[in-house]
Amino acid sequence: TLTGPAQALPGTTVTFTASASDNVGVSVVRFTVDAGAPEDVAAAPYERQVTLPAVAAPDQQVVVKATAFDAAGNSASALAAVTVSAVPDTTPPAVLLLAPPASAPGSPVLLSARVSDDSGVAEVVFLAAGAEVGRASAPPFTATFTVAADAQPGTSVPLVVRATDVAGNVAQ
């Protein structure tokens, strides 16, 4: 089998990975990209880095072929394609901060965020009064901070959650 991303931006480098096995052993996996010059990989992991064209027609596909050979010369091939997306992701994540409306001085406060993005969430940072109090790169997106013990009742603490998607778009 041959796996790789289904879609990527122009000019990016992506990785294709071939899974190959044989009862005696795999001697080499030969990768070709769009019928270009072959590149042989002699040991697992059988991977090929492919740099996509910087300028691409809308929905242009780049086809990668991996052919595994055993010592007897037998072979098997697999194909995979990546679509070069001409439109970069410019949409920031959707983010919602969940926190209790009030807390007593000196007590811990659990902050939670609901974050979604069509290209994927890279990082969520929690801030209390401008200072970072937590960070997460995978759900659940939570952090805990402690209200200052000397805080006056009724004092508000500005809370912010900042989410960044895999394309670098930021929302808070």
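Numbers given for residues are sequential positions, taken from 1 along each chain in its written order. Local features in this predicted model are restricted to residues of pLDDT 70 or higher, and side-chain atom pairs are both shown and tallied only at a pLDDT of 80 or more, whereas totals for entire chains, interfaces and linings draw on every residue. To obtain the side-chain values, all non-hydrogen atoms of the structure were included, while hydrogens and water were left out.

Undergrad: What am I meant to see in the overall build of the protein chain here?
TA: By the criteria applied, helices consist of DSSP H or I runs no shorter than four residues and strands consist of E runs no shorter than two, each listed in order from the N terminus. Regarding its fold elements, the protein chain presents 0 helices and 15 strands. Note that the radius of gyration is over C-alpha atoms, with the globule rule given as 2.2 Å times the number of residues to the power 0.38. Computed over the C-alpha atoms, the radius of gyration of the protein chain is 24 Å, more than 25% above the 16 Å expected from 2.2 N^0.38 for a compact globule of 172 residues. Dimensions along the principal axes, computed over C-alpha positions, put the protein chain at roughly 80 × 40 × 20 Å. Every one of the 172 residues in the protein chain was classed for burial, and the buried ones make up 31%. Counting contacts in the protein chain only where the partners sit at least 6 residues apart, residues at least 24 apart contribute 58% of the total. Accessible surface, the protein chain as shown: approximately 9800 Å² in total, 55% of it carbon and sulfur. Counting rule for charge: Lys and Arg are taken as positive, Asp and Glu as negative, and neither His nor the chain ends is counted. For this purpose, a charge sits on NZ of Lys, CZ of Arg, CG of Asp or CD of Glu. Computed over 6 positive and 14 negative side-chain charges, the inter-centroid distance for the protein chain is 0 Å. For the exposure calls, accessible area comes from a 1.4 Å probe over protein chains only, and a residue counts as buried if that area is under 20% of its type's maximum, exposed if over 50%, partly exposed in between. Should any heavy atoms of two residues lie within 4.5 Å, those residues are counted as being in contact. In this description, accessible areas are obtained by the Shrake-Rupley approach with a 1.4 Å probe, and a residue is regarded as covered only by the protein chains that are shown.

Undergrad: Even after reading the chapter, I still don't get the environment of Leu 98, so can you show me in this structure?
TA: By the secondary structure assignment, Leu 98 is in strand E9 (residues 94-98). Judged by its relative accessible area of 32%, Leu 98 falls in the partly exposed class. Residues Leu 98 and Leu 159 lie 61 residues apart in sequence; the distance between their C-alpha atoms is 9.8 Å. Once residues lying within four places of it in the same chain are set aside, the contact partners of Leu 98 are Leu 110, Leu 111, Ser 112 and Arg 114.

Undergrad: Teacher, can you tell me more about the pairing of strand E3 (residues 13-18) here?
TA: Residues in a regular strand project their side chains so that they alternate between the two faces of the sheet. What you see with E3 is a clean split: Val 14, Phe 16 and Ala 18 sit on the buried side and Thr 13, Thr 15 and Thr 17 on the side with no burial. Strand pairing follows a simple DSSP-based rule, namely that at least 2 bridges must link the two strands. Here 2 bridges tie strand E1 (residues 2-3) to E3, and the two strands are oriented antiparallel to one another. For Thr 3, the partnering residue across the bridge sits in E3 and is Thr 17. Where E3 and strand E6 (residues 46-51) come together, 6 bridges link them in antiparallel fashion.

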